[in-house]
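# Close look at the chain arrangement
Each chain, written out:
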Amino acid sequence: MICARYDAGLSRRGLMLILSSPSGAGKTTLTRMLLQTKDLDLTLSISVTTRPRRSSEVDGIHYRFIDRKQFEAMRDAGDLLEWAEVHGNFYGTPREPVEKVLAQGRDVLFDIDYQGTQQVKQKTAEDVVTIFILPPSMKELRARLERRAEDPPEIIAKRLDNARNEIRRWTQYDYVLVNGDLQNTFDDLSSILTAERLRAGRLNEGIAAFVEKLLAER
Ligand code: 5GP
């Protein structure tokens, strides 16, 4: 059983829901809202990173914070589904936890950048749904980064510079949302997830068995 609201007990393949956006566009908050909505039954892929931990972050929950040597060992052993260098730090998605969740017919949520998104898409395009989140304005993006006050000013400046470059990547995504209002964006995300879960191609096995049973009815 996946989730009463979304299926009629039909088994299906799990999907990989990728959220990307420049830092400060609200992706972290939206990710939290998605995970707190238990009905959605999403599992977050916890990345490894060489970036220093922020004071608000917990190791093993927001990221697994590792050093560069550990990162390179994981990458070279093929333990990462994808990896990228972002703002001078390394980030990567451990492969095994993702494969475990997908094998249960459940869905995995990723908060990764456009470079990682491309790598995952190249490997398993049909199981991947990609969403890009845009800020309503650059002014608002800057205000959000400053309000967060978790990064020193030079890092904020670097993130704003990078944001312009990242924003141009929107064309690579299946869906693009402008996050002017958190609740509206969250509702849109839920709608996308619902529709994608119901795609015939994903329900294949479950539907085939269901239809067989349906047609056997007299
Ligand atoms: P932050 O340092 O603000 O947590 O993340 C910086 C950027 O790295 C964000 O755009 C985030 O989506 C991206 N990121 C986080 N984890 C991963 C990962 O495992 N792989 C890739 N490719 N990007 C990641």
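What comes next is a walk through the structure. Everything numeric here is computed off the predicted structure, so don't read it as measured data.

### Looking at the site of the ligand
- Surveying the vicinity of the ligand reveals 17 residues, the closest of which are Ser 47, Arg 51, Tyr 63, Tyr 91 and Asp 111.
- One nitrogen or oxygen atom from the side chain of Arg 51 is found 2.6 Å from an oxygen atom belonging to the ligand.
- Taken by itself the ligand offers 510 Å² of open surface, and the protein chains cover 95% of this.
- Secondary structure elements with two or more residues in the shell around the ligand: β5 (80-86) and β6 (89-94).
- For the shell around the ligand, the class distribution of residues is 5 nonpolar, 5 polar and 7 charged.

### So, a nonpolar patch on the surface
- A surface patch of nonpolar side chains, amounting to about 420 Å² of accessible area, comprises Ile 207, Phe 210, Val 211, Leu 214 and Leu 215.
- The partly exposed category is assigned to Val 211, whose relative accessible area is 33%.

### A closer look at the nonpolar core
- In terms of nonpolar packing, the biggest core is built from 23 residues, with Leu 17, Leu 19, Leu 34, Ile 131 and Leu 189 touching the most fellow members.
- The set of elements that each furnish at least two residues to this core consists of β1 (16-20), α1 (27-36), β8 (128-134), α5 (138-148), α6 (153-167) and α7 (182-197).
- Per-element accounting of this core gives the leading share, 4 residues, to α7.
- If sequence neighbours within four positions are ignored, Leu 34 has contacts with Leu 19, Leu 40, Leu 42, Leu 109, Phe 186 and Leu 189.
- Core analysis: the second largest hydrophobic core is formed by 10 residues, Val 98, Phe 110, Val 120 and Val 128 among them.

### Notes on the packing of aromatic side chains
- For the structure shown, the criterion picks out 6 aromatic pairs.
- Measuring from centroid to centroid gives 5.9 Å for Trp 83 and Phe 90, while their planes differ by 45°, and the two rings are tilted.
- When its relative accessible area of 31% is taken as the criterion, Trp 83 is described as partly exposed.
- Geometrically, the ring pair formed by Phe 132 and Tyr 173 is tilted, given 5.0 Å between the ring centres and 55° between the ring planes. Linking Phe 132 in strand β8 with Tyr 173 in the loop between α6 and β9 (175-178), this pair joins segments that are 41 residues apart in sequence. Of the two residues examined, Phe 132 and Tyr 173, each falls in the buried class.
- Members of the aromatic cluster, joined through ring pairs, are Tyr 63, Phe 65 and Tyr 91.

### Quick look at the sheet that holds β5
- Taken in spatial order, the 4 strands line up as β4-β3-β6-β5 in an open sheet, and their pairing is mixed. Sheet topology places β4 (64-65) and β5 at the edges, where each strand pairs with a single neighbour.
- Relative to β6, strand β3 (residues 48-49) is paired through 2 bridges, and the arrangement is antiparallel. Within β6, the residue paired with Val 48 across the bridge is Gly 92.

Rules used throughout
Every chain is numbered on its own, with residues counted from 1 as its sequence reads. Local features in this predicted model are restricted to residues of pLDDT 70 or higher, and side-chain atom pairs are both shown and tallied only at a pLDDT of 80 or more, whereas totals for entire chains, interfaces and linings draw on every residue. Here the side-chain values reflect all heavy atoms present in the structure, with hydrogen atoms and water set aside. Only heavy atoms are used to decide nearness, and a residue is near a molecule or strand if one of them lies within 4 Å of it. Any pair of N or O atoms that falls within 3.5 Å is considered a polar contact. Within protein, one atom must be able to donate a hydrogen and the other to accept it, and sequence-neighbouring residues count only if both atoms are side-chain atoms. Accessible areas in this description were obtained via Shrake-Rupley with a 1.4 Å probe; residue shielding takes into account the shown protein chains only. Runs of H or I in DSSP of at least four residues are treated as helices and runs of E of at least two as strands, each being numbered from the N terminus. Just so you know the grouping, Ala, Val, Leu, Ile, Met, Phe, Trp, Tyr, Cys and Pro go in nonpolar, Asp, Glu, Lys and Arg go in charged, and all remaining residues, Gly too, go in polar. Residues enter patches when they are more than 30% accessible in relative terms and free of salt bridges; like-charged ones are connected within 9 Å and nonpolar ones (Val, Leu, Ile, Met, Phe, Trp, Tyr) within 5 Å. One side-chain nitrogen of Lys or Arg within 4 Å of one carboxyl oxygen of Asp or Glu is enough to make a salt bridge. In this scheme, a residue with accessible area under 20% of its type's maximum is buried, one over 50% is exposed, and one in between is partly exposed, where area comes from a 1.4 Å probe on protein chains only. Among buried residues, the Ala, Val, Leu, Ile, Met, Phe, Trp, Tyr and Cys ones that are joined through side-chain atoms within 4.5 Å form a nonpolar core. Pairs of residues are marked as contacts when any of their non-hydrogen atoms sit within 4.5 Å. To pair, rings of Phe, Tyr and Trp, with the six-membered ring standing in for Trp, must have centres within 6.5 Å; the planes then decide the type, stacked if under 30 degrees apart, edge-to-face if over 60, and tilted in the middle. By the convention used here, strands pair only if DSSP detects at least 2 bridges between them.

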